[in-house]
Amino acid sequence: MNGIRPLIQALRTPVALGYLLIVAGVAVWAGADALLVDHADASLAAIWAFLVTAPTSLLFVMLPGPLAWTGIVIGAVAQAAVLGAAYRGLSGRFTRHAGPRGA
């Protein structure tokens, strides 16, 4: 259980939530394009879902069927966690030294 707490804390940062919001928006756009727009040829809208979660999601591209789409979810969570951890690490450095010396 101790390994999950830092992951949840990293995912609750503004940077991670913003990234996940962007990924969700791209996924909704790609899904709407696939379902609602009649194309004479193939659309490349779904490629954007893999690109915004690359490089992690690209490891799953060659898997068969719906397993390839799990790469988008895994890639989004993994990269949001990395962005959140970086944000927490960098914001902690700046807030610790904000006060006057010796206080």
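Details of the structure are given in the entry above.
Residues numbered from 1 in each chain as written. Predicted model: local features only at pLDDT ≥ 70, side-chain atom pairs only at ≥ 80, totals over all residues. Heavy atoms only, no water.

**What to know about the overall build of the protein chain**
To be explicit about the condition: Working definition: helices are DSSP H or I runs of at least four residues, strands are E runs of at least two. Numbering for both runs from the N terminus. Residue exposure (1.4 Å probe, protein chains only): buried if accessible area is under 20% of the type maximum, exposed if over 50%, otherwise partly exposed. By the convention used here, residues are in contact when the closest approach between their heavy atoms is within 4.5 Å. Values of accessible area rely on a 1.4 Å probe in the Shrake-Rupley scheme; residue burial ignores everything except the protein chains shown.
Summing up its helical and strand segments, the protein chain has 4 helices and 0 strands in all. In sequence order, the protein chain lays out its α and β elements as α-α-α-α. Sorting the 103 residues of the protein chain into buried and exposed places 25% on the buried side. Put simply, of all contacts in the protein chain between residues at least 6 apart along the chain, 49% involve residues at least 24 apart. Surface exposure of the protein chain reaches about 7,500 Å², of which carbon and sulfur atoms provide 71%.

**Some words on unusual backbone geometry**
A cis geometry characterises the amide bond from A54 onward to P55, with omega recorded as 5°. Here P55 shows up in the loop between helix 3 (45-52) and helix 4 (67-96).

**Here's the deal with helix 2 (residues 14-36)**
Inclusion rule: Take the number of residues in a helix, subtract one, and multiply by 1.5 Å to get its expected span.
For helix 2, spanning 23 residues, the distance from its first C-alpha to its last is 32 Å, which sits close to the expected 33 Å at 1.5 Å a residue. Looking only at helix 2, the buried set comprises A16, Y19, V23, V26, A30 and D33.

**Here we look at the packing of aromatic side chains**
Note the cut-off: Pairing of aromatic side chains requires ring centres within 6.5 Å, counting the rings of Phe and Tyr and the six-membered ring of Trp. Pairs whose planes differ by under 30 degrees are stacked, by over 60 edge-to-face, and all others tilted.
For the coordinates displayed, the defined rule picks out 1 aromatic pair. With a centroid separation of 5.1 Å and 45° between ring planes, the pair formed by F50 and W69 is classed as tilted. A residue pair is termed long-range when its members are at least 10 positions apart, and F50 in helix 3 and W69 in helix 4 qualify at 19 residues. Residue W69 is classed as partly exposed on the basis of its relative accessible area of 45%.

**Quick look at the side chain of Q79**
Checked against the element boundaries, Q79 lands in helix 4. For Q79, a relative accessible area of 14% corresponds to the buried category. Those residues in contact with Q79 that lie beyond four places of it in its chain are Y19, V52, T53, A54, P55 and T56.

**Quick notes on the environment of L59**
Mapped onto the elements of the fold, L59 is located in the loop between helix 3 and helix 4. Separated by 12 residues in the primary sequence, L59 and G71 have C-alpha atoms spaced 7.2 Å apart.

**A few points about a nonpolar patch on the surface**
What counts here: Patch membership needs two things, relative accessible area over 30% and no salt bridge, and members are linked within 9 Å if like-charged or within 5 Å if nonpolar (Val, Leu, Ile, Met, Phe, Trp, Tyr). Salt bridges are defined as contacts in which a side-chain nitrogen from Lys or Arg sits within 4 Å of a carboxyl oxygen from Asp or Glu.
A cluster of nonpolar side chains, contributed by W29, L44, I47, W48 and L51, occupies part of the molecular surface with about 560 Å² of accessible area. Per-element tally for the nonpolar patch: the top contributor is helix 3, with 3 residues. Among the secondary structure elements, W48 is positioned in helix 3.

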